[in-house]
Amino acid sequence: MKKSLVISGSGGQGVMSAGIMIAQTAVDAGKCATFLPEYGPEQRGGSAKCTVVVNDTEIISPLMAKCDTLIVMNEQAYAKFGKNLKSGGVMIANTSRVTSEITRDDVTVVRVPADDIAVELGNIKCANIILIGALIGAEAGIITEEAMLASLDKKFASKKKEVLALNHAALKKGVEYGRQALKA
Amino acid sequence: MAKILMKGNEAIAEAAVRAGCRFFAGYPITPQNEIPEYLSWRLPEVGGVFVQGESEVASVNMVYGAAASGCRAMTSSSGPGISLKAEGISYLAGTQLPAVIVNISRGGPGLGSIQPAQQDYLQATKALGHGGFRVMVFAPATLQEAVDVTYNAWEYAERDRNPVMILMDGCLGSIMEQVEFPEMKEPDRKGTHAWDLNRVEGEKRSARLLLPYFPEALLEVKNKSHKAMIERWQKNDVQVEEFMLEDAEYVAVAYGISARVAKEAILRLRDEGHKVGLIRPITLFPFPKESFQKLNYEQVKGIIDIELAIPAQMHDDIALEVLGRAPIHDYCRSGGMLFDDDGIYNAVKKIIDGGAK
């Protein structure tokens, strides 16, 4: 089934690397995927957005008006793309930076203070992994936890063991938040 | 070889290497920077040469020199940079040298925007430089197609001894999707002595001047043979995808990324019983005239030109084939604004509903 995901935040938050990881994970699991980055001329700090589409068969259009799943990593991203989420979709909000009240009641909302959790775990850079975890926990149906863990193993194979452990912990923490949101 | 997830620009670069390209010169510009970035490390790996030129003009002239030395050479840029290379491309055509020019296009005119657009259609198909020459223009819609046309581009360029253009929007340049690469090619160098200053075959060697000046009668002969070549392209080399045209009452025309979004919208319209089809030129030049000639104009109620260019640029080529037998509507965006499925669906639906009244 064709599923679309938009990730948005500001440059440096790991928007693009999260998108590429999800697309690669889907491909490794035998699916088709597209990843489309969009950003301004700034080297860092500007608005960053990417669209990932995952499908069982070849993807015809990688562009769509509304997405099935949305990860917003800061307030501006929520303000700009919050309305682009399909009714019945899943929204993952990094509440460490999305400060306004999320008012949509026609979608599943997972509120994750990802930056705060990431700092607690030891490195703010793993906030994007926490949000991917929340996406998996909320059963967005794009990638599985096992496949994502395998991707992390591959991605951080050349790094120190602690780096991999941190990312595993980040993913698991995110999954918990996703599951809790589903229960609520 | 298994399919791998890769960025459009890098896929073109790798396909060029596998096609036997061993020289690249270019100057940075968004949204094509991954092409030179990739080739800067990849070409030395296979014994090739990568140069970041001091300018676009210098780069295209280095390609000019490399081509004259029998090397498969390429340069890439985006709109503003292609304008700067226009003189060099015209010289390549004038001296009958093969080379591949890639334009990963962005919004224009002028500096325009760095976001994707299809605003260089006229430049690519009508006048890529001064002097009234044409080049074959390939417009892939998927990254696999981009790999395939790049892999074959030098076959056309060397057959014709003429530059070839690959025109792809910035969206496909920056997107990642799965591609499968063909094997590394060992280019056939038989016959290249006709332009290769380094080669002699038997007694034959054609001495060439890189800045030729032709007496007027000879130039006219050259122009005539160029015209004959264009006519051969039109007869033999058109590439097009025709999608659901048999019963179509409305025919969308789109290329590159626009065609993919249009196709998705068409499938949705088909689900609702609307008879919509698509003509997707893969070669923008030669233009797929046949596809329009064989439409049943008793049945076709409208043609819809869908492109990321305002004003529409492909419209005139469509009009020349439709010849008033059906109304032509434009649904366009530009400047870096992209299509989405809803937008094209609604635009076509509106035309259909209007036609039904």
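Here, the structure is the one placed above.
As the structure is a prediction and not an experimental result, all values here were calculated from the model.

This part is about the pairing of strand β4 (residues 67-72) of chain A. All names here are of chain A. Most of β4 is tucked away, with six of its six residues classed as buried. Both β4 and strand β5 (residues 85-94) contribute to a ladder of five bridges, which runs parallel. Residue pairing in the sheet places V72 in a bridge with A93 of β5. The parallel pair β4 and β5, bridged by helix α2 (residues 75-81), forms a crossover whose chirality is right-handed.

Tracing the backbone shows R18 of chain B in helix α1 (residues 8-18). Within the structure, the side chain of R18 of chain B is placed 2.9 Å from the backbone oxygen of P182 of chain B, a separation counted as a polar contact.

Here we take up the sheet that holds strand β7 (residues 164-169) of chain B. Residues and elements named next belong to chain B. The seven strands lie next to each other as β3-β2-β4-β5-β7-β6-β12, forming an open sheet whose pairing is mixed. Sheet topology places β3 (49-52) and β12 (283-285) at the edges, where each strand pairs with a single neighbour. Pairs of neighbouring strands in the sheet enclose a mean axial angle of 20°, with direction left out of account. When strand β2 (residues 23-26) meets strand β4 (residues 73-77), the two strands line up parallel, connected through two bridges. Opposite F24, over in β4, you have M74 as the bridge partner.

Let us now look at the interface of chain B and chain A. Listed per partner, the contact involves 23 residues of chain B and 24 residues of chain A. Of the roughly 1,800 Å² buried between chain B and chain A, counting both surfaces, carbon and sulfur atoms make up 62%. Its largest share of buried area at the contact with chain A, chain B owes to L5, M176 and Q178 of chain B, together 28% of the area lost on that side. Inspection of the region where chain B meets chain A yields one salt bridge. The partner of K2 of chain A in a salt bridge is E264 of chain B, and the shortest N-O contact between them spans 2.9 Å.

Mapped onto the elements of the fold, R280 of chain B is located in strand β11 (residues 276-281). A polar side-chain atom of R280 of chain B sits 2.7 Å from a polar atom in the side chain of E145 of chain B.

On to the nonpolar core, then. Judged by nonpolar contacts, the single largest core of 109 residues is most densely connected at I35, L39, M74, M165, F292, L295 and I303 of chain B. A total of nine residues in this core trace back to one element, the largest contributor, which is helix α6 (residues 143-160) of chain B. When residues are assigned to domains, this core turns out to be shared by domain 1 (4-236) and domain 2 (240-356) of chain B, each giving three or more. The next biggest cluster of nonpolar side chains, apart from the first, holds 49 residues, and it includes A23, F35, V110 and A140 of chain A.

This brings us to the environment of I60 of chain A. Its place among the elements puts I60 of chain A in the loop between β3 (47-55) and β4. Residues in contact with I60 of chain A, not counting those within four places in the same chain, are R260, K263, E264 and L267 of chain B.

Reading the values: rules and limits
Residues numbered from 1 in each chain as written. Chains lettered and ligands numbered in written order. Predicted model: local features only at pLDDT ≥ 70, side-chain atom pairs only at ≥ 80, totals over all residues. Heavy atoms only, no water. Buried < 20%, exposed > 50% of the residue type's maximum accessible area, 1.4 Å probe, protein only. Helix = DSSP H or I, 4+ residues; strand = E, 2+ residues; numbered from the N terminus. Pairing = 2+ DSSP bridges. Right-handed = clockwise from strand over helix to strand, strands pointing away. Polar contact = N/O pair within 3.5 Å; in protein donor to acceptor, adjacent residues only side chain to side chain. Axes fitted to C-alpha atoms, helices over the stretch in contact; angles between N-to-C directions. Contact = heavy atoms within 4.5 Å. Buried area = accessible area lost by both parts, 1.4 Å probe. Salt bridge = Lys/Arg side-chain N within 4 Å of Asp/Glu carboxyl O. Core = buried A, V, L, I, M, F, W, Y, C linked by side-chain atoms within 4.5 Å. Domains from an automatic or database assignment.

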